[in-house]
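Chains, contacts and geometry: an overview
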Amino acid sequence: MKKILLVGCGAMGGAILSGCLAKGLWKKEEVYLKEHSLEASKEKAARYGVNISQDGSIASDADMVIVAVKPNIVLGVLEEISKYKPRRVLSIAAAVTLETLENNLPEGTEVIRCMPNTPASVGEGMAAIAAGKLTSNEFLSEAVEIFNALGKSAVVTERQLDELGALSGAGPGYAFVIIDALSDAGVLIGLPRKLAIQAAAQTLYGAAKMVLETGKHPAELRDQVTSPGGTTIAGIYAMEQGGLRAALIDGVKACLDKSDAMAKK
Ligand SMILES: NC(=O)c1ccc[n+]([C@@H]2O[C@H](COP(=O)([O-])OP(=O)(O)OC[C@H]3O[C@@H](n4cnc5c(N)ncnc54)[C@H](OP(=O)(O)O)[C@@H]3O)[C@@H](O)[C@H]2O)c1
């Protein structure tokens with residue numbers, strides 16, 4: 001029976017846990033969690049039906065330790081679990097580098113960095129995965145298996161992982177703003193809010209599915225829906241005049257700049 005230690009079971013840790021349990025990748029009895037306090041661990045363990053390892057000692061014979069706490073807490077967690085000489089550690093913390101992980105864990109620990117996103121909780125996540133110096137193919141395959149079960153994943157260089165953090169890691173945040181803005185537009189032109197939100201969300205979902213399933217460039221798909229002198233190109237023109245494309249590009253770049261600045265601290 002395998003053993004998984006999950007340190008931090010908040011938005012992302014919880015999404016990974018519930019997804020892996022739902023997909024049958026992990027059995028409840030195989031998972032141990034450690035939250036910031038015993039009370040919190042008890043509450044989360046009861047919610048998911050898993051075990052607790054409040055001192056983290058299960059790390060000594062766990063197949064994998066997943067570190068899913070906020071970046072500023074990671075070093076403390078690494079210090080705590082290092083006592084138990086973990087074999088394999090996967091961190092999802094933004095801006096905590098492979099080098100930092102390797103330097104703060106016992107020599108020989110296999111490490112992986114992963115940048116998931118919250119749609120993993122509904123099986124539609126996108127995760128970037130980068131391996132450390134000593135990471136075995138077996139550990140990497142296990143990580144890919146986990147994140148493919150929660151959506152899609154890509155094994156990338158560490159720099160690409162940071163770049164994907166700004167695109168897909170933070171991306172659901174951008175998408176929620178876009179859906180909210182489109183629903184505002186629907187309300188402005190006379191639609192009820194609930195219907196406008198459903199129409200905006202389903203339209204983005206459907207368009208995204210078309211890009212993924214047809215493999216066509218999004219510009220080609222856009223061309224197919226913009227007839228000359230038509231209504232859609234009139235809408236796109238107004239949006240471009242409002243700086244839609246540049247705002248999205250600037251937003252992703254600002255997110256990466258912030259993540260780079262945090263990594264330097
Ligand atoms: N959310 C995302 O979209 C996303 C995407 C990609 C990567 N990430 C990364 O995922 C990590 C977690 O983010 P999150 O959004 O899931 O944060 P979160 O919801 O705050 O979850 C962190 C969890 O860790 C717990 N915790 C705090 N100190 C702890 C300790 N010493 N030992 C064990 N558990 C402790 C927190 O408990 P309390 O809240 O009670 O303190 C909380 O339940 C971050 O490093 C972030 O960079 C997040």
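These numbers come from a predicted model, not from an experiment.

Turning our eyes to something else, we now look at the layout of surface pockets. There is about 820 Å³ of room inside the second largest pocket. V69, K70, P71, I92 and A94 are the residues nearest the centre of the second largest pocket, which is lined by 34 residues in total. Those elements giving two or more residues to the lining of the second largest pocket turn out to be helix 1 (11–22), helix 3 (74–82), strand 6 (110–115), helix 6 (158–169) and helix 11 (244–264). Broken down by class, the residue content of the lining of the second largest pocket amounts to 19 nonpolar, 8 polar and 7 charged. For the lining of the second largest pocket, the two domains that each supply at least three residues are domain 1 (4–166) and domain 2 (171–264).

In this section: helix 5 (residues 137–149). Compared with an ideal rise of 1.5 Å per residue, which puts 13 residues at 18 Å, helix 5 spans 18 Å between its outermost C-alpha atoms and is within 8% of the ideal. Among all positions of helix 5, only F139, L140, A143, I146, F147 and A149 are buried. Trailing helix 5 by a residue or two, G151 shows a phi angle of about 145°, which is positive.

Surrounding the ligand, one finds 21 residues, the nearest of these being A11, M12, E35, H36 and V69. The side chain of K44 places a nitrogen or oxygen atom 3.5 Å from an oxygen atom of the ligand. The protein chains hide 75% of the 880 Å² of surface that the ligand would expose on its own. Placement of the ligand is best described as lying within the second largest pocket. Residues that form the shell around the ligand fall into these classes: 13 nonpolar, 4 polar and 4 charged.

This model, assessed by the stated rule, comprises 17 salt bridges. Between K27 and E30 there is a salt bridge; the shortest N-O distance is 4.0 Å. The exposure class of K27 is partly exposed, given its relative accessible area of 48%. Taking the relative accessible area as the measure of exposure, E30 reaches 5% and is therefore buried. Across the pair E158 and R113 runs a salt bridge, and its minimum N-O distance is 2.9 Å. Separated by 45 residues along the polypeptide, E158 in helix 6 and R113 in strand 6 bring together distant segments of the chain. Look at E158 and you get partly exposed, because its relative accessible area is 24%.

This brings us to the sheet that holds strand 1 (residues 4–7). Reading across the sheet, the 8 strands line up as 3-2-1-4-5-6-7-8 and stay open at both edges, with mixed pairing between neighbours. Because the sheet does not close on itself, it has two edges, and the strands there are strand 3 (51–52) and strand 8 (151–155). Bridge analysis of strand 6 against strand 7 (residues 125–131) gives 4 bridges, and the strand direction is antiparallel. Of the residues in strand 7, the one forming a bridge with M115 is A128.

Cut-off values and rules
- Residues numbered from 1 in each chain as written.
- Predicted model: local features only at pLDDT ≥ 70, side-chain atom pairs only at ≥ 80, totals over all residues.
- Heavy atoms only, no water.
- 1 Å grid on protein atoms, 1.4 Å probe; cavity = no way out; pocket = protein on both sides within 12 Å on 5 of 7 lines; lining within 4 Å.
- Points joined across faces, edges and corners; volume = space filled by probe spheres on them.
- Helix = DSSP H or I, 4+ residues; strand = E, 2+ residues; numbered from the N terminus.
- Nonpolar A, V, L, I, M, F, W, Y, C, P; charged D, E, K, R; others polar.
- Domains from an automatic or database assignment.
- Expected span 1.5 Å × (residues − 1).
- Buried < 20%, exposed > 50% of the residue type's maximum accessible area, 1.4 Å probe, protein only.
- Near = heavy atom within 4 Å.
- Polar contact = N/O pair within 3.5 Å; in protein donor to acceptor, adjacent residues only side chain to side chain.
- Areas by Shrake-Rupley, 256 points an atom, 1.4 Å probe, with all protein chains shown as cover.
- Sits in = over half its atoms within 2 Å of the grid points.
- Salt bridge = Lys/Arg side-chain N within 4 Å of Asp/Glu carboxyl O.
- Pairing = 2+ DSSP bridges.

Shape descriptors only; they carry no functional weight alone.
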